[in-house]
Structure formats: C-alpha cells, structure tokens
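# Results of the structural survey
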Amino acid sequence: MNRAQVERLAPWITALIFLMLWWLVVKIFHIENFVLPSPIEAFTALYNFRYPLMIHGLATLGTTLAGFAFAVFFGLVLGILVGSFRLVYSSLYPLLIGFNSVPKAALVPVLVIWFGVGTIPAIITAFLLSFFPVVVNVATGFATIEPELLDVLRVLGATRRDMIVKIGIPRSLPYFFASLKIAITLSFVGTVIAEIIAGNNGIGNVMLIASSNFNVPLVFAALIVVGVMGVGMYAIFALLETRFTGWSVRGGGLEHAVGG
Amino acid sequence: MNFIEIADIDLIYGDRSGVDKGTATLALSKAHLSVGRNEFIALVGPSGCGKSTLLKLVSGLVKSSQGSVRVGGEEVTKPLKNVGMAFQNATLLPWRNIRDNVLLPLEIVEPYRSEPKSELKRARADELLGTVGLLEFGDRMPWQLSGGMQQRAQLCRALIHSPSILLLDEPFAALDAFTREELWGVLQSLWMHRKCTVILVTHELREAVFLSETVHIMCARPGRVIASRPIPLPRPRTLDMTFQADFVDLVHECRHHISLGKTL
C-alpha cells in the first residue's frame, strides 16, 4: 500500500479501533446498557429507529444549516467591518467578546419566552454559537494585510472599496473557510442544545425523550447521527476550501515540507 | 522650480499630546530635498535616519508636522494618485498569477480602470514582463518564482501604469549580491527607456552611485539631508565601471559624508 492509500484508510481504521475499544470496555467491566450501551446495541437502535432518526436528523440538519447561514452572512459582514475600520473594531470588539462569553445554553429559556418552543430558538442558538469564529477569522484576515501592500494601493488612488474587494476579501478567504469548518460543527452543538432544552422535534428532542425512557442505546444512536452529519458537513467545507483557496496551500502541509 | 520640492520639513512620530508623550520622536528636522523631473536620485544614510519617511512624505502617505512638500508645483495634502512603489518584500498577491499581479494598478488607476480587461492590457503586461526577462512566467504563481524574479515582477507592477514618480524602498536589500547587481542593470534600462522620476532608498552605497544621478546623504536623529553628490558617470553604466577608480572614489566620498554625519 502506498502512502496515499494509507492516508485515505487511516480515519476509518481509527474509527474502527475506537468502536472496538468502546465494545471491549463495555464487555470487560460488564457495564449495563442503560449506563453505556455497547456499540452493537447503539447501531442496533440506529437501525430499529432509522425512520424517526432520519426525519429528526433532517430536521436538525435544516435548523443547523439555517443558523449556520445566518452566522456566515452576519459573520462575514461584521468581520469585514471589524477588520477594515479601526473605529468599528475598538467600539464593537469588547462587546462581541463579552457576548461570546455568555453560555448560550442559558439563553435558550429566554429565547423560548420570546419566540416560543420550536425551531426558531434552535436556529438562533446555532447562529449565536457559530458566528463568532467567522467574525474573528475574517477580521484576522483583514488585519494581517501587509501595510506595504496597502501603501502600494493607496498611492494608486485606490478607494477603501478597492482595497476590500481586491485585497481584503481574497486575502481573508483561507481564514474564512477555516472558520466555516469550526462554525458548522458549533452550529450542530447549538441546535442540539436548544432541541434538548426546548424543542418539539429534532435529534436533541429524540435524545431527551429516549433518555427519560432510559432508552440509552437510542441516545447513543442519536449521537452517532449528529456526529456523522457533523463530519459530513465538515468534509463538504473542507472540499470547498481546497477548491477556492488552493493558492494558500503550496504543498502537502508542514509534514511534507519538513519531512520531504 | 524642481518637480519634487521638500522644504523645511519637521516630522514627529508618536503622540505629542496624549498619554504616550514619551514615545514622540523627531524623525525629520529641517529636511530639504529637491528632485528634477525624470531625475533618478538615491537617498542613503544609516538605518533610522528617516529615508523611508521622506519617501512616504513625497507620496503623501504621511503628513509632515511642519514645512512643505510640493510635487509638480502643487502642495501634497493627501496620497498622490498614479505613483509606483516597490519594497524590500515583493508583496505580490499570492492568489494571482504574475501577469494579473502586474495588471493590478490598471484596475485602479484612471483612465485604465474604466477600460475593459482586454488583450491590449494583457499585451502591455507581457511587454513589460519581457523587458525584465519574465515573459514566460506570466502564468506562474508568485511562490513559484525566486526572490529576484519576484522583485522583477514587483518593478513591473510599479511601472505598468506609467507613473510619473517611482518610489523604491530598499527593493533589492533582501537579495544576494549577484542577483542584486543584475537587477541594477534591469532597473537602469527600465528608467532609461520609460523616463520617470525615481527616488531610491538604499543603504548600499555602490547601488546608489551605480543607479542615480544624484546621491543625497542623510544623517540620523533627527534625520535630514547633509550632502548631495551629483554622479556624472555616463549611461548606460556597466558593472565593470563599478571597479574603476572614479566610481570607487564616488563611493568613498559618500561613505565619508555618512561618517561625518554620525559625528555631528
């Protein structure tokens, strides 16, 4: 097997090893299935409840993507503003950081008071959790533009819009795509938290009901569904990243650069 | 009156009124400089003497605390338009190939800006790249080029829009000696063929004497021009000339001025 094949197989092998360890721990310590079900029981539950899990999984995916879309849009706009205007940076950044320090789970009951139980609080929670990394990364892309480059443009008579469009946005694209990979996973976390606390559908709701019935294998089956959706979305954005910002990746990364 | 006229410039860096009062430094004091139209001058001096600051004053990127900066008879109050600049780092855009990097100014400077992206512009970039020996490299990405080639590309970007002023801030400082001397020749022929006013900031005296019509020597703390030495050597100058007595004498004379400046 050559190196590329090994690299392609590696994540599957790791996942398999992880499942085997999980199974071993359950068997060796005789753990009851309402405490920790074995992976076989979890996958059995996944199969038995495949239709409700699919329906609720898709609901969670939709909610997550809606929150994520808002996060990307507002994160991008705010990131560009924070990164290119000093005044916006100094006036808004402390507020943003303070806001991000608030535990979002604690906000869900408030959101329910405002918007009622259902999808809207979940979308907002997903948005709140995931938009901060987008802002910070895009702003970083803008803030780290070489000052000489801006001088070159300024003495050509470039407007601020020129600098944002010609330099700022392309320059911050790698940062932006890196943040999308973080944001999409955080978005799932936000959705599921809101669904557990105050949902009437979605994977989080399934988990809440399953755990109150001591159907722990189903809880784990639901966790597997979220995990797989997260990895899937991550992979999509990783693909988009290499597609759009190939210029920022010269070779095979640090390992290849050093190890040859 | 000269094309560029800098008179009685004082420039203070840092905050003079706020909390950081202690950080204020006098970067330039009573600085004078005049440059004729289409003249090639060099600014030399010890590091920290305000060479780069003087360059930024000419372009309008920084404002002086006192004194006047005139370009073409007009007071400079905001960044000039249509100036070419090049630095020690090539600062090419890594997401554009070399040709598109060179074409960047044409997307910003009028009248080219309003014109559509055309074969004409492309040909213009290729012609310029050809004069610096980069014709086949237009489609390459910046990181695929050596440091010297990136600097050639940067010079092309600084000249594509035919600026009346070209400002060079130690453009060859990061290159090895052979590449640097090769690029002296490239820059000289660029200047001889497309006349424009060039201000070259450098700490390399041989470079200054080789390239310029006048070498202006600056001293540090506070920075100002203490001597101006016309270089009467014929053009085009060759690397062989740098080993001849008159060239070496000029370099020595400049060095003498710099050491005088240190003891002032």
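Criteria and cut-off values
Residues numbered from 1 in each chain as written. Chains lettered and ligands numbered in written order. Predicted model: local features only at pLDDT ≥ 70, side-chain atom pairs only at ≥ 80, totals over all residues. Heavy atoms only, no water. Helix = DSSP H or I, 4+ residues; strand = E, 2+ residues; numbered from the N terminus. Contact = heavy atoms within 4.5 Å. Areas by Shrake-Rupley, 256 points an atom, 1.4 Å probe, with all protein chains shown as cover. Salt bridge = Lys/Arg side-chain N within 4 Å of Asp/Glu carboxyl O. Buried < 20%, exposed > 50% of the residue type's maximum accessible area, 1.4 Å probe, protein only. pLDDT = per-residue confidence, 0-100. 1 Å grid on protein atoms, 1.4 Å probe; cavity = no way out; pocket = protein on both sides within 12 Å on 5 of 7 lines; lining within 4 Å. Points joined across faces, edges and corners; volume = space filled by probe spheres on them.

## Notes on the overall build of chain A
The helix and strand inventory of chain A stands at 11 helices and 0 strands. Helices and strands appear in chain A in the N-to-C order α-α-α-α-α-α-α-α-α-α-α. Along the longest, intermediate and shortest principal axes, the C-alpha atoms of chain A span 70 × 60 × 30 Å. In chain A, the proportion of contacts linking residues at least 24 apart, taken out of those at least 6 apart, comes to 75%. Per element, the accessible surface of chain A, about 14200 Å² overall, is 73% carbon and sulfur.

## Quick word on the pattern of salt bridges
This structure, assessed with the given rule, holds 17 salt bridges over all chains. Glu 107 of chain B is the salt-bridge partner of Lys 166 of chain A, the closest N and O atoms lying 3.0 Å from each other. Taken together, the residues Lys 166 of chain A in helix H8 (residues 160–198) and Glu 107 of chain B in the loop between helix H2 (98–103) and helix H3 (119–131) connect one chain to another. Glu 107 of chain B sits in the partly exposed class, given a relative accessible area of 22%. Shared partners join several salt bridges into a network, and the residues in it are Asp 151 and Arg 154 of chain A together with Lys 56 of chain B.

## Some remarks on helix H9 (residues 203–212) of chain A
Side chains of residues three or four places apart in an α-helix project in the same direction, reflecting 3.6 residues per turn. All names here are of chain A. Every buried residue belonging to H9 is among Ile 203, Gly 204, Asn 205, Val 206, Met 207 and Ala 210, and all of these are buried. Against the buried residues of H9 lie helix H3 (50–84), H8 and helix H10 (216–244). Downstream of H9 by a residue or two, Phe 214 has a phi angle that is positive, lying close to 55°.

## A short note on the confidence of the model for chain A
Detailed reading of predicted coordinates is not advised where the pLDDT is low. In the predicted model, chain A carries a mean pLDDT of 89, and 95% of its residues have values of at least 70. For chain A, helix H11 (residues 253–259) of chain A is the element with the lowest average pLDDT, namely 40, and H3 of chain A is the one with the highest, namely 94.

## Here's the deal with the layout of surface pockets
Residue and element names in this part refer to chain A. Empty space within the largest pocket amounts to approximately 550 Å³. Residue lining of the largest pocket: 14 residues in total, with Ala 15, Leu 19, Ile 224, Val 228 and Val 231 positioned closest to the centre. Put simply, the parts of the chain that give the lining of the largest pocket at least two residues each are helix H1 (3–28) and H10. Sort the elements by how many residues they give to the lining of the largest pocket and H1 lands first, with 7 residues. When its volume is computed, the second largest pocket comes out at roughly 460 Å³.

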